[in-house]
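Listed below are the residues making up each chain.
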Amino acid sequence: MSSVQTSHQAVDVQGLWKIFNEGSNNEVTALSDINLSVKPGEFISLIGPSGCGKSTLLRVIGDLTGATRGEVFIAGETAPVAREKQLYGIAFQQAALFDWRTVRRNVELPLELQGLGKKERRERALELLELVQLSDFAEHRPWELSGGMQQRVAIARSLAVDPPLLLMDEPFGALDEMTRERMQNELLRICQETGKTIIFVTHSIPEAVYLSDRVIVMSPRPGRITHTVPIELGERNEDTRETDTFYAGVTAVREALRGRSASASPPRIEEL
Amino acid sequence: MSTQTAAQSRRTGRFSGIWPPILIAVLFLAAWQIFVVARDIQPYLLPAPSLIVTNFFTDLSLMWAAAFYTGTTAFLGLVLGTVLGLVMALLASRFIVVNHLVTPLAAGLAAVPIIALTPILNNMFNITSRTPRVLVTMIIVLFPMFVNVTRGLLQVKPVQLELMRSMNAHPRTTLKVLRIPNAIPFFFTGLKVAAPLAVIAALVAEYFGGPQEGLGSRIASAAANTAYGRAWAYVVASIITGLIFYLVVVAVEKWTTPWTGRTRST
């Protein structure tokens, strides 16, 4: 998109290492030398087998855990400052809603923590619930909603403070296939309407291909980026999942995931 | 149509839930009565239900007074113990970071024979007053409240903590917004144990001397006077008092925390 006008990348990860228990016997290198730039408005997916560090990478970007070495910038700010300034919203595989709050008050939570007034909070929450098409459920309790609906509430909550960046950690991982595809379309619509930058962790190849502008393929032991697969599907619609371009994308990501020859300079898959 | 069927089945469901225990209770009492009469069992061994019921109603006004006295002791102890338990839980949750440390602590505390402290407390405080009994009740109540509330404050889902961190929440905010609401169902679990326990503690504390107005004193004196029917009638009154305490807690819980007992959202 228009990365020329903005002086900063939406996300900039430089020489990032994350080592658990460094120096001890059970030292684990979760991330090794990660370099990643995300343009504003870009949708990227992190994909890879379990233990490849994709969730860890997301958490380091969100400053939920610190980096061992290297640097992370969100819109030009370091990760801790970005967290303080609420420059990102986050959604997890678990909706993590608070049962004691109504749906509306769950969405209001980040605004409440920012000290926004009751009336403004309410208006904003209702606006967001309309965006995720849950207006009728504003005063319901989370446990009265289905899994997909709960996840939509969580997405609305992650958008509450209107952050430029959304971090999503397998948000549709616990949903059935039909709900999942519907949620993917919802998410793309929300992206279009809000122009957010998104980093999306998944281990579903079709999901990554369908949603992303770019799929980042990761590999475990040590966790690292092995391939970057650009996806150019254009406007997504009902038929997109049946196009040759889509299948080609799926094949490219699958092959990248299989590629055992992890050379020092990741081979760049040709544009589709 | 289908909703009606659902409502009907819910109604029959509710009744079928109530009737079996009542039926069993009636059968049990009938069998008891028949057994005592048929075998000519002496009241000091086992009084007949009819004798207990008769005594219950002849002594009703005294029984009210006794239940009120013991109930007041139990209530005061319950309130004090709950408040103290909450304060201790808040402090503990600040210092005990790991939840599994609470369990051995709870087990250790449960082994303390608190009721046995009564004679000591009777000497420390004025034995003719209610104070030592309230204090014993308070200590008894303290433990289940402390243990349960501490658990509730600590047993927060990691993902919820990450969410709070992503929103740059101060630990105090996390306590207010997440930990305390999370502990409320645990609080009621503790209170449901503590409330009937408070009645038992208040009652047993009366066995160690002091004013003779309560249920415990009445049971002891009736038994000492070989009035077994009366002693048992007071036992029944004690059970009812404990049950009332329990049911009040259940009612308050239903009313204040509609989200407990539901399938929790993930």
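Residues numbered from 1 in each chain as written. Chains lettered and ligands numbered in written order. Predicted model: local features only at pLDDT ≥ 70, side-chain atom pairs only at ≥ 80, totals over all residues. Heavy atoms only, no water.

## Remarks on the domain arrangement of chain A
Residue and element names in this part refer to chain A.
Now for step 1: The domain boundaries assigned to chain A delineate domain 1 (38-67 + 78-87 + 164-272) and domain 2 (97-162).
Now for step 2: Taken over C-alpha atoms, the centre of domain 1 sits 25 Å from the centre of domain 2.
Now for step 3: Opposite the 15 residues of domain 1 that make contact, domain 2 presents 13 residues.
Now for step 4: Surface buried jointly by domain 1 and domain 2 totals about 1200 Å² across both partners, of which 64% is contributed by carbon and sulfur atoms.
Now for step 5: Inspection of the region where domain 1 meets domain 2 yields 2 salt bridges.
Now for step 6: We note a salt bridge from E186 to R152, for which the minimum N-O separation is 3.7 Å.
Now for step 7: Where domain 1 meets domain 2, there are 3 residue pairs in polar contact (both at pLDDT 80 or more).
Now for step 8: Elements that contribute at least two residues to the side of domain 1 that touches domain 2 include exactly β7 (165-169) and α6 (177-194).
Now for step 9: Among the elements that line the side of domain 1 that touches domain 2, the one with the most residues is α6, at 7 residues.
Now for step 10: Here the side of domain 1 that touches domain 2 is built from residues that sort into 8 nonpolar, 3 polar and 4 charged. (Domains from an automatic or database assignment. Contact = heavy atoms within 4.5 Å. Buried area = accessible area lost by both parts, 1.4 Å probe. Salt bridge = Lys/Arg side-chain N within 4 Å of Asp/Glu carboxyl O. Polar contact = N/O pair within 3.5 Å; in protein donor to acceptor, adjacent residues only side chain to side chain. Helix = DSSP H or I, 4+ residues; strand = E, 2+ residues; numbered from the N terminus. Nonpolar A, V, L, I, M, F, W, Y, C, P; charged D, E, K, R; others polar.)

## Comments concerning the pairing of strand β8 (residues 197-202) of chain A
Residue and element names in this part refer to chain A.
Now for step 1: With respect to burial, β8 is a largely interior element, 6 of its 6 residues being buried.
Now for step 2: Burial of the side chains of β8 extends over both faces: T197, I199 and V201 are buried on one face and I198, F200 and T202 on the other.
Now for step 3: By the bridge criterion, 5 bridges tie strand β3 (residues 43-47) to β8 in an arrangement that is parallel. The partner of S45 across the bridge, within β8, is F200.
Now for step 4: On the question of chirality, the crossover connecting β7 to the parallel β8 by way of α6 is right-handed. (Buried < 20%, exposed > 50% of the residue type's maximum accessible area, 1.4 Å probe, protein only. Pairing = 2+ DSSP bridges. Right-handed = clockwise from strand over helix to strand, strands pointing away.)

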